Amino acid sequence: MAVGRSEVALHGSQAGAGSTGDVTLETSPEETTLLGRDEALAVLDSLVAGLSGSGTAVAITGAAGTGKTALLDHVADRAGSRGYLILRAAGLPCDRAGAGAGLHELVHPVLDEADDLPGPQRSALLGRFLLSHDPAPERLALGLAVLSLLERLGRRGPLLVLIDDLQWLDQVTVEVLTFVARRLRAAPILMVGALRNGGPGTDQSVRWPFRRIDLGPLPDDVAQRLVTSVAPALSAAARRRVLSAAEGNPLALREFATALSAEPAHQEQPAGRPLPVTHRMSASLLAGTDDLPEPTRRFLVLVAAAGQHLLPELVPAARRIGLRPEDLDPAEQAGLLLVTGDRVQFRQELMRSAVYSAATWSERAEAHEALAATTTDLVRATWHRTALAHDEDEDAAADLEGAADRRTRRGRLPEAVELLRRAAALSAGGAERSRRLAIAAELARQAGHGAEAHELIHEAMALSPGPQVIGRLLVTRAALSLTEGLDGRSAAEAVDAVAREASSHADDGRWDHETWAAAMIAAGSLAWYHDLPAPTRAALIKAMDDAVTAIAGAGTAGSERRAGLTELAAAEPTTATLLTIARSWNDPLGDAATVRRRLPPLIAALRDRLLTGAPPPRDTSHLLIAAARTAESLHDVDLSVQSWNLAADALTVTRGAAGDHVRQLTERGLTRILSGRPADAGADAAWAGELSAELGLPLLGDLAAATRALALAWTAAGPAAAGEIRRTRSFPPRTHSALVTAMAGWANGLAALREKRFGEAGNELTSLGPHRTIAWNAVGDLAEAAAGSGDPELITLARRQVDVVRQAADVLDSDHLRAVALRGAAVLDDTGAERHFQESAAAGRRGGVPLELARTLLAYGAWLRRTGQIVAAREHLGEARFLFGNAGAAPWAELATAELRAAGVTASGSGVPRSGADVLSPQELRVALLAAEGLTNREIGARIDASHRTVANYLYDIYPKLGITSRLQLRAAVGDVA
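Rules and cut-offs
- Residues numbered from 1 in each chain as written.
- Predicted model: local features only at pLDDT ≥ 70, side-chain atom pairs only at ≥ 80, totals over all residues.
- Heavy atoms only, no water.
- Helix = DSSP H or I, 4+ residues; strand = E, 2+ residues; numbered from the N terminus.
- Buried < 20%, exposed > 50% of the residue type's maximum accessible area, 1.4 Å probe, protein only.
- Contact = heavy atoms within 4.5 Å.
- Areas by Shrake-Rupley, 256 points an atom, 1.4 Å probe, with all protein chains shown as cover.
- Salt bridge = Lys/Arg side-chain N within 4 Å of Asp/Glu carboxyl O.
- 1 Å grid on protein atoms, 1.4 Å probe; cavity = no way out; pocket = protein on both sides within 12 Å on 5 of 7 lines; lining within 4 Å.
- Points joined across faces, edges and corners; volume = space filled by probe spheres on them.
- Nonpolar A, V, L, I, M, F, W, Y, C, P; charged D, E, K, R; others polar.
- Pairing = 2+ DSSP bridges.
- Expected span 1.5 Å × (residues − 1).
- Arc of directions from axis to C-beta.
- Phe/Tyr/Trp six-rings, centres within 6.5 Å; stacked < 30°, edge-to-face > 60°.
- Lys NZ or Arg CZ within 6 Å of the ring centre and 35° of its normal.
- Core = buried A, V, L, I, M, F, W, Y, C linked by side-chain atoms within 4.5 Å.
- Patch = residues over 30% accessible without salt bridge, like charges linked within 9 Å, V, L, I, M, F, W, Y side chains within 5 Å.
- Lys, Arg positive; Asp, Glu negative; His and termini not counted.
- Charge placed at Lys NZ, Arg CZ, Asp CG, Glu CD.
- Axes fitted to C-alpha atoms, helices over the stretch in contact; angles between N-to-C directions.
- Parallel < 35°, antiparallel > 145°, perpendicular 65-115°, else oblique.
- Left-handed = near helix turned anticlockwise from the far one by under 90°.

Chemist: I keep staring at the overall build of the protein chain and nothing clicks. Help me out?
Modeler: In terms of regular secondary structure, the protein chain is built from 48 helices and 11 strands. In the protein chain, buried positions account for 57% of the 978 residues. For the protein chain, long-range pairs separated by at least 24 residues make up 68% of all intrachain contacts whose partners lie at least 6 apart in sequence. With an accessible surface of roughly 39,400 Å², the protein chain has 51% of that area assigned to carbon and sulfur atoms.

Chemist: Hey, could you run me through the pattern of salt bridges in this one?
Modeler: Here the idea is simple: oppositely charged side chains can pair when their charged atoms come close. Considering all chains together, one arrives at 48 salt bridges under this definition. A salt bridge links Arg757 to Glu755, with the nearest nitrogen and oxygen atoms 2.6 Å apart. Taking the relative accessible area as the measure of exposure, Glu755 reaches 42% and is therefore partly exposed. The salt bridge partner of Arg846 is Asp815, with a shortest N-O separation of 2.9 Å. Here Asp815 lies in helix α40 (residues 815-828) and Arg846 lies in helix α41 (residues 833-847), a separation of 31 residues in the sequence. For Arg846, a relative accessible area of 40% puts it in the partly exposed group. Look at the salt bridges and you will find they share partners, linking Arg729, Arg754, Glu755, Arg757, Glu760 and Glu764 into a network.

Chemist: Looking at this model, I keep getting lost on the environment of Leu857. Mind explaining?
Modeler: Along the chain, the position of Leu857 falls in helix α42 (residues 850-866). C-alpha separation for the pair Leu857 and Gln838, spaced 19 residues apart in sequence, amounts to 8.9 Å.

Chemist: So what exactly am I meant to see when it comes to the side chain of His836 here?
Modeler: Residue position: His836 is located in helix α41. When neighbours within four sequence positions are excluded, His836 is seen to be in contact with Arg806, Leu822, Ala825, Ala826 and Asp829.

Chemist: Looking at this structure, how should I read empty space enclosed by the protein?
Modeler: To find leftover empty space, a probe the size of one water molecule is rolled over the atoms. Scanning the entire structure with this criterion turns up 6 cavities of 30 Å³ or more. Lining the largest cavity we find Ile673, Leu674, Trp714, Trp746, Asn777, Asp781, His816, Val820, Arg823, Leu851, Glu852 and Arg855. Sorting the residues of the lining of the largest cavity by element identifies α31 (669-674), α40 and α42 as the ones contributing at least two each. Residues belonging to the lining of the largest cavity are distributed by class as follows: 6 nonpolar, 2 polar and 4 charged.

Chemist: Teacher, can you tell me more about unusual backbone geometry here?
Modeler: In most cases, non-glycine residues show a negative phi, while peptide bonds are predominantly trans. Its identity is not glycine, yet His635 carries a phi of approximately 60°, on the positive side. Along the polypeptide, His635 turns up in the loop between α28 (620-633) and α29 (637-653). Note on His635: relative accessible area 4%, which makes it buried. Phi is positive for Asp813, close to 55°, though the residue is something other than glycine. Along the chain, Asp813 turns up in the loop between α39 (792-812) and α40. Using a relative accessible area of 46% as the deciding quantity, one classes Asp813 as partly exposed.

Chemist: Help me understand the pairing of strand β9 (residues 211-215), please; the structure alone is not making it clear to me.
Modeler: For a regular strand, the rule is simple: side chains alternate between the two faces of the sheet. Most of β9 is tucked away, with 4 of its 5 residues classed as buried. As judged from the 4 bridges shared by strand β5 (residues 56-62) and β9, these two strands associate in the parallel manner. By the bridge assignment, Ala59 is partnered in β9 with Arg212.

Chemist: What's the story with helix α44 (residues 890-902) in this structure? I'm lost.
Modeler: Each α-helix winds once per 3.6 residues, and so residues spaced three or four apart point in a common direction. Taking 1.5 Å per residue as the helical rise, α44 with its 13 residues ought to reach 18 Å, and the 18 Å between its terminal C-alpha atoms agrees with that figure. Those residues of α44 that fall on the buried side of the exposure criterion are Pro891, Trp892, Ala893, Ala896, Thr897, Glu899 and Leu900. On its buried face, α44 sits against α33 (698-715), α35 (738-754), α42 and α43 (870-886). A positive backbone phi angle near 90° is found at Gly904, which sits one or two residues after α44.

Chemist: Can you walk me through α41 in this structure?
Modeler: Its 15 residues give α41 an end-to-end C-alpha distance of 20 Å, which sits within 8% of 21 Å, the value for a rise of 1.5 Å per residue. For α41, the set of buried residues is Ala833, His836, Phe837, Ser840, Ala841, Ala843, Gly844 and Gly847. The buried residues of α41 occupy one face: seen down the axis, they fall within an arc of 165°. Of the surrounding elements, those touching the buried residues of α41 are α29, α39, α40 and α42.

Chemist: Before we go on, may I ask you to explain the packing of aromatic side chains in this structure?
Modeler: Centre distance and the angle of the planes are the two values used to describe a pair of aromatic rings. Here the structure, examined in full by the defined rule, presents 5 aromatic pairs. Ring centres of Trp714 and Trp892 lie 5.4 Å apart, and the angle between their planes is 40°; on these two criteria the pair is classed as tilted. Of this pair, Trp714 sits in helix α33 while Trp892 sits in helix α44, and the two are 178 residues apart along the sequence. As far as the burial class goes, Trp714 and Trp892 line up, both buried. Plain terms: the ring middles of Phe837 and Trp863 are 6.4 Å apart, the flat faces sit at 50° to each other, and that makes the pair tilted. Separated by 26 residues along the polypeptide, Phe837 in helix α41 and Trp863 in helix α42 bring together distant segments of the chain. Here Phe837 matches Trp863 in class, with each residue buried. An aromatic cluster of at least three residues, connected via ring pairs, comprises Trp714, Phe884 and Trp892. Taking NZ or CZ as reference, Arg183 lies 3.9 Å from the ring centre of Phe179, over its face. Sitting over the ring of Trp383, Arg380 keeps its end group 5.8 Å from the ring centre.

Chemist: Help me out: how do you make sense of the nonpolar core in this one?
Modeler: A general trend in soluble globular proteins is that nonpolar side chains are found buried together. Counting 134 residues, the largest nonpolar core has Leu599, Trp714, Trp746 and Phe884 as its most contacted members. In this structure Leu599 touches Ile581, Ala627, Thr630, Ala631, Leu634 and Leu639, once residues within four positions along its chain are discounted. Formed by 54 residues, the second largest nonpolar core is a distinct cluster that contains Leu292, Val301, Ile321 and Leu336.

Chemist: What am I meant to see in a negative patch on the surface here?
Modeler: Together, Asp391, Asp393, Asp395 and Asp399 give the surface a local cluster of negative charge. Looking at the element boundaries, Asp395 is found in helix α17 (residues 394-409).

Chemist: Could you clarify how one ought to interpret the environment of Ala819 in this entry?
Modeler: Along the chain, Ala819 falls in helix α40. For Ala819, a relative accessible area of 0% gives the class buried. As a C-alpha pair, Ala819 and Ala841 span 22 residues in sequence and 6.5 Å in three-dimensional space. Those residues in contact with Ala819 that sit more than four places away from it in its chain are Ser840, Ala843, Gly844, Glu852 and Thr856.

Chemist: Got a minute to help me understand the packing of helix α15 (residues 361-374) against helix α16 (residues 378-386) in this structure?
Modeler: For any two helices packed against each other, the geometry comes down to the angle between their axes and how far apart the axes lie. Contact geometry for α15 and α16: axes closest at 8 Å, N-to-C directions at 155°. Compared by their axis directions, α15 and α16 come out roughly antiparallel. Crossing geometry of α15 relative to α16 is assigned as left-handed. Only Ala381, Trp383, His384 and Arg385 of α16 make contact with α15, whose side of the interface consists of His368, Leu371 and Ala372. Looking at the contact of α15 with α16, its residues break down into 4 nonpolar, 2 polar and 1 charged.

See below:
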């Protein structure tokens with residue numbers, strides 16, 4: 001019996017409807033029930049177990065190799081164990097036996113029972129088989145005779161009648177069995193027939209009268225398990241080819257996997273060539289094709305070799321070798337091909353492999369040469385020219401590499417990987433082979449095929465490649481670690497591998513500038529995601545400095561290095577960009593002034609790449625993601641927003657890899673939350689989580705879950721949201737990422753803080769230290785948790801952290817970080833609280849961080865209310881409520897509403913203000929309304945008797961209060977008041 005779970009469809013008269021799978025049980029023309037293979041077997045078992053009194057007939061249908069015979073065997077085993085008498089027959093392709101041969105095979109074991117039949121029926125049955133001198137009977141008499149014989153047997157005990165390959169039985173047998181199947185009422189008889197859907201030699205007029213079980217393909221997960229069980233050592237690329245070619249067919253999955261594992265050379269076949277077919281599978285698929293004309297068989301080889309379905313591209317190649325379009329007619333009539341409009345394809349994709357494997361070498365060569373000479377696609381022409389090459393052929397390898405480059409530029413990365421694999425196999429020498437494998441590994445990573453990328457890296461490293469190739473392989477491996485996790489290594493081991501290799505080539509010049517920069521950004525990315533021991537981080541920073549020194553030709557002193565970097569940036573902006581930003585992730589305070597000076601022009605230059613009209617370089621999106629991460633490490637939210645928006649555009653324009661899209665969706669969540677868009681961050685993270693699971697990117701999946709939890713801590717309340725947030729406390733050890741752990745800890749700490757569980761919040765927020773950027777973002781929350789808990793040790797720790805972050809804010813010149821640290825200082829230091837709150841609010845307005853501003857205003861308003869300054873408290877609390885509501889942070893808006901009620905303000909609804917009137921002074925509201933009408937600053941000044949500069953100052957204060965950034969958004973913010 002076929003291993004695994006196949007999808008089936010049952011058609012018949014049994015009532016019932018439901019949905020549990022991808023296929024159907026048609027119980028009547030109007031009713032269907034979806035079942036899987038296990039459920040279908042259960043149905044057959046129930047028929048065997050419950051048969052009594054009357055009989056039934058079932059047909060099992062499906063393409064070749066879908067397990068029809070296996071189901072018959074299963075039914076026979078079950079029936080035999082229950083004492084059934086079993087009669088069995090099978091049709092054969094190209095059977096030349098006379099009419100009624102199948103019927104004779106079926107009833108021959110019990111023909112001696114015919115003696116007890118009534119005379120006319122006995123004569124009809126025996127006369128059919130020339131066992132009497134009576135003339136050949138009419139079909140009706142023969143059908144009655146067989147029915148009577150089976151009923152007589154059935155009355156003695158249950159009877160099972162099995163017919164395999166019904167489509168190949170002679171017409172007399174089919175008609176008699178159909179007649180009998182309609183009349184199984186008088187005895188316990190179960191009749192089960194297997195019928196192939198389509199294909200050569202099948203009679204499409206055969207229809208079973210009752211229930212029909214249609215066997216479909218195995219589900220993807222079951223197919224993968226089957227291939228793994230049959231050939232566990234199969235490479236990821238070969239496994240993917242098997243799954244694609246077999247299309248869920250159990251026989252094909254087994255035979256393809258077995259053939260490839262038995263002949264490793266087959267795993268290096270050219271991209272697109274059909275997989276090798278075993279004799280067993282070929283016999284099953286090609287049964288009945290012997291009678292096809294020779295031109296038709298040659299045309300089938302051409303179609304199989306082409307791997308495409310357009311007749312306008314096949315016909316010129318066919319004419320070149322003396323074939324005509326009408327030569328395909330016999331194949332279409334035999335059910336091998338489907339021709340619709342200008343497209344032709346095999347009825348089963350498996351048939352393509354069978355036809356190609358059955359062809360001789362000269363027939364394949366003829367087909368590929370004709371296709372290479374006539375196709376207009378340069379890549380396909382190259383593929384056909386090299387399809388049958390076996391020995392080293394550097395010219396062919398170079399052509400294939402060029403074809404891969406063209407596919408890469410069109411975003412067709414899996415095809416490019418296959419072409420490069422083929423090019424590597426034909427390369428002359430290990431150096432070229434390893435170089436091409438390294439390129440293929442990186443493209444496989446970008447395509448989301450991580451397992452294949454790891455295999456390619458292993459193959460390339462086994463060839464003892466040169467330093468340049470080693471550098472590329474290390475970069476690809478590090479990049480894989482950013483999406484899949486560390487693969488059993490520690491973060492220190494992963495970073496050390498890159499840093500050591502970089503240091504060994506720091507002086508010999510064997511790495512070009514691009515390799516240097518790529519290695520450093522890969523190592524820096526690992527350090528961004530993971531906690532590193534201090535010595536490892538110091539060694540990495542030194543390696544980065546050595547890279548700058550080696551490339552710029554400057555000295556090692558800090559001033560010389562910065563001068564060299566500035567000079568280098570003018571000459572080689574890409575390399576300078578990578579080196580600048582990679583260092584800042586690990587030491588943001590060390591060169592803050594240089595990085596802050598270089599980053600805005602860098603982002604502008606990358607933006608210009610997107611605006612030129614020409615396709616930008618593929619690395620543009622990677623550079624923008626790196627720039628965004630740098631802005632986050634500098635706590636510059638505005639630059640981070642710009643970079644992430646441009647990165648999204650770049651990925652679209654350059655047809656970025658799926659993994660890069662997921663990384664962009666996941667990593668930009670932090671910036672979206674900080675910039676006041678937590679709901680959007682949560683939606684992005686949910687989508688990224690689904691894509692990560694689909695593409696096998698566990699580290700990004702965990703980061704997406706942590707980011708969504710942080711978004712929910714702002715936007716959602718209730719048991720469901722609380723449960724989703726809590727689940728992020730226990731990520732599996734597959735990632736071991738400091739970034740993931742810190743984001744999850746912040747989410748849980750923020751949720752606890754919102755619910756005034758201060759001790760729990762403090763415990764969560766003190767665990768963020770390994771990721772400095774996240775810990776600094778959350779230092780204000782840590783301070784609030786400490787102040788709320790009253791724990792002296794926690795308060796001391798929070799004060800120390802606040803002092804560190806205040807100093808960092810000055811070094812980085814970050815208003816965002818100032819706002820966070822000053823809020824922390826305010827809640828921890830009651831004597832200087834008012835000044836700290838005011839300075840925090842001012843910094844929050846400048847920094848473009850509406851949620852942080854709202855948190856400060858909420859805390860400030862609550863402090864003012866507690867100190868008796870009720871009127872002032874209302875203004876700040878009203879603005880906080882508006883900002884929370886405008887950002888979709890409803891639970892926090894409710895907290896502001898509660899504080900407003902305590903300050904004597906009656907509020908209804910959700911606590912979200914209805915308009916800008918809640919947060920603006922009367923004069924500010926008047927200015928906002930005039931600006932919303934489209935008046936210029938000078939025109940507004942004339943209306944309110946003020947200078948245009950005063951109007952500009954008003955608008956400068958109005959925008960952050962309303963949570964907007966431009967004049968165009970004013971009408972939406974204050975329009976209903978107007």
